[in-house]
Structures are given as structure tokens and as C-alpha cells.
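# Examining the three-dimensional arrangement
Okay, here's what each chain looks like letter by letter:
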Amino acid sequence: MGEKSRSKGWFGWFIVLIVLAAIAFAIALTVKQKMHKKGSDDEAAPVPGPPGAVTQKYADALKTAMQFLEIQKAGKLVKNKISWRGDSALKDGSQANLDLSKGMYDAGDHMKFGFPMAFTATVLSWTILEYGDQMKVVNQLEPAQDSLKWITDYLINAHPSENVLYIQVGDPKADHGCWDRPEDMTGERPLTQVNSSAPGTEVAAETAAAMAAASLVFKSTNSAYSSLLLKHAKQLFTFADKNRESYSVSIPEVQNFYNSTGYGDELLWAASWLYHATGERSYFEYVTGKNGEDFANWGSPTWFSWDNKLAGTQVLLSRVSFFGSKDLSSSNILQKYRKSAEAVMCGLLPKSPTATTSRTDNGLIWISQWNSLQHPVASAFLAVVYSDYMLSSRTAKISCDGDNYRPSDLRKFAISQADYVLGNNPAKMSYLVGYGDKYPQYVHHRGASIPVDATTGCKDGFVWLKSVKPNPNVAMGALVGGPFHNESFIDSRNNSMQTEPSTYNSAVIVGLLSGLVTTSSVAQSFT
């Protein structure tokens with residue numbers, strides 16, 4: 001009896017052990033599968049080589065997007081590629097004995113706003129520096145460099161002395177009181193400047209960032225021009241830093257159009273670009289010292305835009321962490337920038353524990369009803385850049401509140417935003433004009449809305465704004481404002497909230513598409 005009882009006891013314990021082992025194995029298998037799904041493998045993906053196979057839809061979209069930068073050019077056009085555009089604004093700046101004829105019109109109007117125009121140049125430069133080899137494969141590098149120089153030529157002339165920067169051409173109220181072709185403008189084109197008496201830190205610093213970044217673009221092909229840009233960049237940064245005041249305070253009128261929410265982000269952004277352009281330790285110390293403490297807002301994700309450069313700065317400085325020398329990359333402060341960049345990425349990834357809820361039902365990042373596509377496209381651009389930093393440095397993963405994600409997850413997010421823009425949305429409409437079979441026909445853009453042979457003045461041109469006919473000229477490559485949060489879109493010329501394109505939208509969509517057109521490793525240094 002006792003022997004039988006003991007044998008039953010041992011058998012029972014044996015069964016318990018088997019069950020526990022099975023449970024432990026199941027748990028381990030589940031955890032492994034989950035961790036693999038989240039991309040937690042320590043093994044990094046291979047570093048991409050030279051540009052690989054081209055994804056044709058992104059190549060076609062990039063070629064289309066580049067054309068809007070041609071459409072927006074002011075001045076005496078050289079090798080004009082747009083049949084319905086001609087010379088315009090040839091006398092801009094003449095009252096100050098300056099040639100401000102070049103540059104680009106801001107949106108559907110004829111204003112030259114220096115703040116967003118400089119941002120356009122900075123992002124376009126960044127795109128060329130990261131993805132120039134990929135752009136070259138699809139024959140878009142030279143057009144991008146040409147468009148960039150069209151802006152930087154203007155910015156150089158707009159900075160006639162160390163502490164003077166012309167930041168605007170045209171009077172917005174008067175300009176918006178007309179509906180005419182840029183070639184037919186007859187109204188006054190007043191100039192607005194910032195100087196030591198009326199400073200504008202953010203616009204001066206953004207212009208410094210644009211010139212520093214562009215100096216890197218032209219360094220190998222036009223060294224004299226590159227040096228000139230760098231000289232202006234340094235002067236403007238010093239002017240911005242030593243005369244700290246928002247241009248929205250110095251010139252209250254700018255609040256109606258491109259009101260600034262602060263200048264600290266532009267100072268860090270400009271110093272970061274100057275560090276990349278010069279290698280001078282003082283600029284690195286600028287962003288990692290007291291100014292970083294004052295302005296960096298570490299750990300708090302923000303949205304990259306013409307007004308807020310913090311997320312862009314965090315990604316750009318992460319480049320130093322990924323590829324810089326050990327004495328710099330190990331900096332505790334630099335790691336704060338990188339961790340902040342990772343927080344931005346974690347917010348973008350839709351399955352991350354810290355994912356933003358600011359999305360439409362179909363996954364588009366959605367922040368603002370005005371020009372709603374700026375933020376998702378700019379965010380996707382940063383995501384593809386950061387994913388390529390990870391790939392090229394063989395960094396396997398980032399951690400989002402305990403869940404791990406790979407570079408491929410960031411690229412997948414970027415693709416989702418690009419594809420939404422290009423037609424994978426409830427409206428089945430491409431928001432990039434000229435791409436695909438269905439795109440907006442009533443773009444809020446004066447030049448596109450008025451026939452080339454029409455004779456119109458300032459006021460009688462409004463008949464074309466009110467016309468029920470589609471635009472006679474296609475604003476090829478225009479990235480319109482985009483859908484509302486409920487993903488509806490009203491294709492009406494009077495609906496500027498949704499149908500007006502902007503030059504800075506073009507910069508971010510060109511950046512995103514250039515990153516997606518193919519794959520290659522990013523350069524470890526811009527110089």
C-alpha cells in the first residue's frame with residue numbers, strides 16, 4: 001500500500017513538471033515571437049550599398065514634385081521648363097538698390113516670405129546631402145541643385161550687410177487683394193527687413209541654417225560660392241544670436257501669416273548646420289551647453305515644420321551620435337538629443353506604446369486643418385532619414401517604452417504616409433498634382449488658374465478665382481493642403497485651406513520621395 005502510494009505521488013509530480021515545462025516553453029515561444037515581431041533581434045540589418053533598384057512610382061512622383069519648384073520661381077527665368085510661366089518680379093528690391101528678383105513665391109500668391117523660403121532651402125539642402133546619389137539615379141539631382149541655388153542667390157542678395165536681412169517682398173494685404181498672373185503684376189512691392197534695431201532671431205537663424213546647409217551642397221562643385229554662403233551663414237548666426245528678439249515682436253504685421261512661436265529652435269538648428277559645415281567645436285558646444293538647456297526641450301516630441309525645427313535638430317544631431325568621433329558621440333548631452341529623436345520616432349510608429357493618436361482613421365498623421373499634409377510628410381521625411389542612419393550605422397533597434405522596433409518599421413511608416421498622399425486614401429485621390437489619374441483640378445494658385453492669353457488686371461482677374469472651370473494650367477508637383485480629419489476634401493479654388501500648395505510643402509515631399517525612390521547607405525560625413 002505504501003509503495004503504491006509513493007509511486008502515484010512521483011507520477012503526479014512528474015506530470016506537474018511536464019505541464020510546467022510546457023507552460024514555460026509556450027511563454028518563451030510567445031515572448032520570442034513577440035520580440036521578433038517588434039524587431040528586438042540584436043542582429044542589425046545589412047548596410048545598404050550603392051543605390052539599388054528604383055521604385056518606379058516614387059521616381060515618377062519625385063519627378064512630378066520637382067516641377068512645382070520650377071513653377072514658383074520668380075525673376076528672369078533661365079531655361080524655363082514651364083510653358084505658362086514667364087519672367088516676373090524683375091524690379092523686386094530696386095528701391096533699396098538690391099536685386100531681389102529671384103527666390104520663389106510662397107504659395108498660390110506672389111509674396112516672398114523669407115522665413116518659410118529659407119526653411120525650403122534648408123530642407124532641400126538636407127535632402128540633397130542625404131540622398132543626392134539616389135536623386136542622381138532618377139535624374140533629379142541637378143534640378144534640385146538648380147532650384148536650391150535659385151533661392152540661395154536671393155538670400156545672399158537679401159543680406160547686404162552683417163546686421164541687415166530683407167525678409168519679405170510685397171505687402172500681403174495688397175497682394176491678396178489681387179488675382180493676377182505674376183508676369184502681369186503692376187502693384188508696389190515694398191520691402192521688410194530685420195536689423196539690430198528691429199531684430200528677427202528666428203528668420204535670421206533659419207537663413208543662416210539654409211546657407212550653411214547649402215554651402216555643403218555646393219562645396220565640391222562650386223567652392224567659391226560655397227565659401228560665400230558660409231560667410232553669410234556665420235554673419236547671420238552671430239546677428240541672430242547677439243540680437244535676440246522674435247521677428248513677430250519686432251514686426252507685429254508678420255503675425256498674420258508666418259507668426260513665430262519662438263526662436264530657440266532656430267538657433268539650435270542653425271548652430272547644428274554650422275557645426276556640420278565647419279567642424280568648429282564652438283558650434284557643437286553651443287548646442288550642448290546652456291543654449292541646449294534653455295531651448296532643446298529634451299524628451300518632449302514636437303512636430304517638424306517651418307515654425308518648429310526641434311525635431312529636425314534632434315535628428316540632425318543624432319547623425320553626430322551615429323557617425324561622429326568617439327569624444328563627441330559619447331557626449332551625454334548629445335545622447336539627450338538622440339533620445340529625443342527616438343521619442344519622436346516612437347510617437348510616429350502606429351503600434352508603439354507611445355504612438356500619437358493624432359491620426360485619421362486610415363493612418364495619416366493629422367495635426368492641423370490648415371495645410372494638413374505638411375506635418376505627416378515632414379514627419380515621414382524625418383523617419384526615413386533616421387531609419388537610414390540606423391541602417392548605415394548598423395543600429396539594430398530603438399526601444400519605445402519596452403517594445404523594440406527596427407529601421408524597417410520606420411521606413412514602413414514613411415511609406416504609409418507617402419502612399420496616402422499619392423492616392424492610397426478614401427478619396428482615391430493623389431494630393432500631389434499631376435501624379436496619377438485623379439488629382440485636384442481647382443488648385444488655389446493664381447498662375448495656374450488664369451489662361452496665358454488672358455488680359456487681366458489686379459481686380460478683374462478675380463473672375464478666374466470664381467470660375468467653375470478647372471484650372472487651364474496644371475500646377476504640376478504642387479502638394480496641396482490636404483484632407484480634413486474626417487478625410488474629406490473639397491476641391492474648390494476658394495478653399496485655400498485645402499487646395500493651396502506651398503513651396504515648403506514641396507521641400508518636404510521632395511525629401512520624402514528622394515529617401516524612398518531607392519535604398520543606399522548615407523554618407524557618414526557631409527564633408
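Cut-offs and rules
- Residues numbered from 1 in each chain as written.
- Predicted model: local features only at pLDDT ≥ 70, side-chain atom pairs only at ≥ 80, totals over all residues.
- Heavy atoms only, no water.
- Helix = DSSP H or I, 4+ residues; strand = E, 2+ residues; numbered from the N terminus.
- Rg over C-alpha atoms; globule rule 2.2 N^0.38 Å.
- Buried < 20%, exposed > 50% of the residue type's maximum accessible area, 1.4 Å probe, protein only.
- Areas by Shrake-Rupley, 256 points an atom, 1.4 Å probe, with all protein chains shown as cover.
- UniProt positions renumbered as here; feature names shortened; annotations may be inferred.
- Disulfide = S-S within 2.5 Å.
- Phe/Tyr/Trp six-rings, centres within 6.5 Å; stacked < 30°, edge-to-face > 60°.
- Contact = heavy atoms within 4.5 Å.
- Core = buried A, V, L, I, M, F, W, Y, C linked by side-chain atoms within 4.5 Å.
- Pairing = 2+ DSSP bridges.
- Axes fitted to C-alpha atoms, helices over the stretch in contact; angles between N-to-C directions.
- Parallel < 35°, antiparallel > 145°, perpendicular 65-115°, else oblique.
- Left-handed = near helix turned anticlockwise from the far one by under 90°.
- Nonpolar A, V, L, I, M, F, W, Y, C, P; charged D, E, K, R; others polar.
- Polar contact = N/O pair within 3.5 Å; in protein donor to acceptor, adjacent residues only side chain to side chain.

### Structural notes on the overall build of the protein chain
Scanning the protein chain from N- to C-terminus turns up 21 helices and five strands. In summary, the protein chain has a C-alpha radius of gyration of 26 Å against a globular reference of 24 Å for 527 residues, a match within 12%. In terms of principal-axis extent, the alpha carbons of the protein chain reach across some 115 × 55 × 40 Å. Residue burial in the protein chain is summarised as follows: out of 527 residues, 59% are buried. Carbon and sulfur atoms form 54% of the exposed surface of the protein chain, whose accessible area is close to 21,600 Å².

### Some details on the UniProt feature "domain: Glycoside hydrolase family" (unreviewed entry) in the protein chain
The UniProt record marks residues 58–513 with the feature "domain: Glycoside hydrolase family" (unreviewed entry), using the residue numbering of this structure. The span residues 58–513 is 49% helix and 4% strand, and its two end C-alpha atoms sit 6 Å from each other.

### With respect to the state of the cysteines
Applying the stated criterion across every chain, the model contains two disulfides. Note that Cys178 is cross-linked by a disulfide to Cys458, the S-S spacing being 2.0 Å. Note on the Cys178 and Cys458 pair: the S-S dihedral is about -90°, so by sign convention the disulfide is left-handed. Residue Cys178 is found in the loop between helix H5 (172–175) and strand E3 (191–195), and its partner Cys458 is found in the loop between helix H18 (446–449) and helix H19 (462–465); the two are separated by 280 residues along the sequence. Two residues, Cys346 and Cys400, share a disulfide whose sulfurs are 2.0 Å apart. The S-S bond linking Cys346 to Cys400 shows a torsion near -80°; that makes this disulfide left-handed. Highlighted residues: Cys346 in helix H15 (residues 332–348) and Cys400 in strand E4 (residues 398–400), separated in sequence by 54 residues. Considered together, Cys346 and Cys400 belong to a single accessibility category, that of buried residues. For the protein chain, the bonded cysteines connect in the pattern 1-4, 2-3 when numbered consecutively along the sequence.

### With respect to the packing of aromatic side chains
If you walk through the whole model with that rule in mind, you get 26 aromatic pairs. On the basis of an interplanar angle of 70° and a centroid distance of 5.4 Å, the ring pair of Phe322 and Tyr386 is categorised as edge-to-face. Of this pair, Phe322 sits in helix H13 (residues 310–323) while Tyr386 sits in helix H16 (residues 374–392), and the two are 64 residues apart along the sequence. Tyr386 carries the same exposure label as Phe322, and that label is buried. Centre to centre, the rings of Phe323 and Tyr389 are 5.9 Å apart; their planes meet at 85°, and the pair counts as edge-to-face. One end of the pair, Phe323, is in helix H13; the other, Tyr389, is in helix H16, and 66 residues separate them in sequence.

### Things to note about the environment of Ala341
Relative to the helices and strands, Ala341 is located in helix H15. The sequence separation of Ala341 and Ala44 amounts to 297 residues, and the corresponding C-alpha distance is 19 Å. If near-sequence neighbours (up to four positions away) are discounted, Ala341 is found in contact with Gln314, Val315, Ser318 and Tyr386.

### Details of the nonpolar core
Across soluble globular proteins, nonpolar side chains show a tendency to be buried alongside one another. Ranked by size, the top nonpolar core spans 152 residues in total, and within it Trp126, Trp273 and Met345 carry the most contacts. Each residue touching Trp126, except ones within four places of it in the same chain, is listed here: Trp269, Trp273, Phe304, Gly312, Val315, Leu316, Phe381, Leu382, Val385, Tyr389 and Phe526.

### Observations regarding the sheet that holds strand E2 (residues 164–169)
Spatially, three strands are ordered E1-E2-E3 in an open sheet, and the strand pairing comes out antiparallel. Two strands lie at the open edges of the sheet, namely strand E1 (112–113) and E3, each paired on one side alone. Examined bridge by bridge, E1 and E2 share two bridges and lie antiparallel to one another. Residue pairing across strands places Lys112 opposite Val169, the latter belonging to E2.

### Things to note about unusual backbone geometry
Positive phi, normally seen in glycine, also occurs at Asn297, with a value near 55°. Tracing the chain through its elements places Asn297 in the loop between helix H12 (290–295) and H13. Phi is positive for Lys428, close to 50°, though the residue is something other than glycine. Considering the arrangement of structural elements, one finds Lys428 in the loop between helix H17 (407–421) and H18. A relative accessible area of 57% places Lys428 in the exposed class.

### Considerations on helix H11 (residues 281–288)
Those residues of H11 that fall on the buried side of the exposure criterion are Tyr283, Phe284, Tyr286, Val287 and Thr288. Summarising the contacts, the buried residues of H11 are in contact with helix H7 (223–242), helix H10 (264–278), H12, H13, helix H14 (326–329) and H15.

### Here's the deal with the side chain of Ser506
The topology assignment puts Ser506 in helix H21 (residues 503–516). A relative accessible area of 0% places Ser506 in the buried class. In this view, Ser506 contacts Phe68, Leu69 and Gly477; residues no more than four positions away in its chain are not counted.

### Here's the deal with the packing of H13 against H15
The contact between H13 and H15 brings their axes to 8 Å, and the two run at 125°. By the angle class used here, H13 and H15 are oblique. Seen along the crossing, H13 lies across H15 with a hand that is left-handed. Contacts between H13 and H15 involve Ala311, Thr313, Gln314, Val315, Leu317, Ser318, Val320, Ser321 and Phe322 from the first element and Leu334, Gln335, Tyr337, Arg338, Ser340, Ala341, Val344 and Met345 from the second. The class makeup of the residues in the contact of H13 with H15 is 10 nonpolar, six polar and one charged.

### Description of the UniProt feature "active site" (unreviewed entry) in the protein chain
Per the UniProt entry, the sites bearing "active site" (unreviewed entry) are His444 in this numbering. Inspection of the secondary structure assignment puts His444 in the loop between H17 and H18. Overall, the relative accessible area of 13% leaves His444 in the buried class. Excluding its chain neighbours within four sequence positions, the residues that come into contact with His444 are Gly108, Trp179, Leu465, Arg493, Ser496, Thr499, Glu500 and Pro501. From its side chain, His444 meets the backbone oxygen of Arg493 in a polar contact 2.6 Å long.

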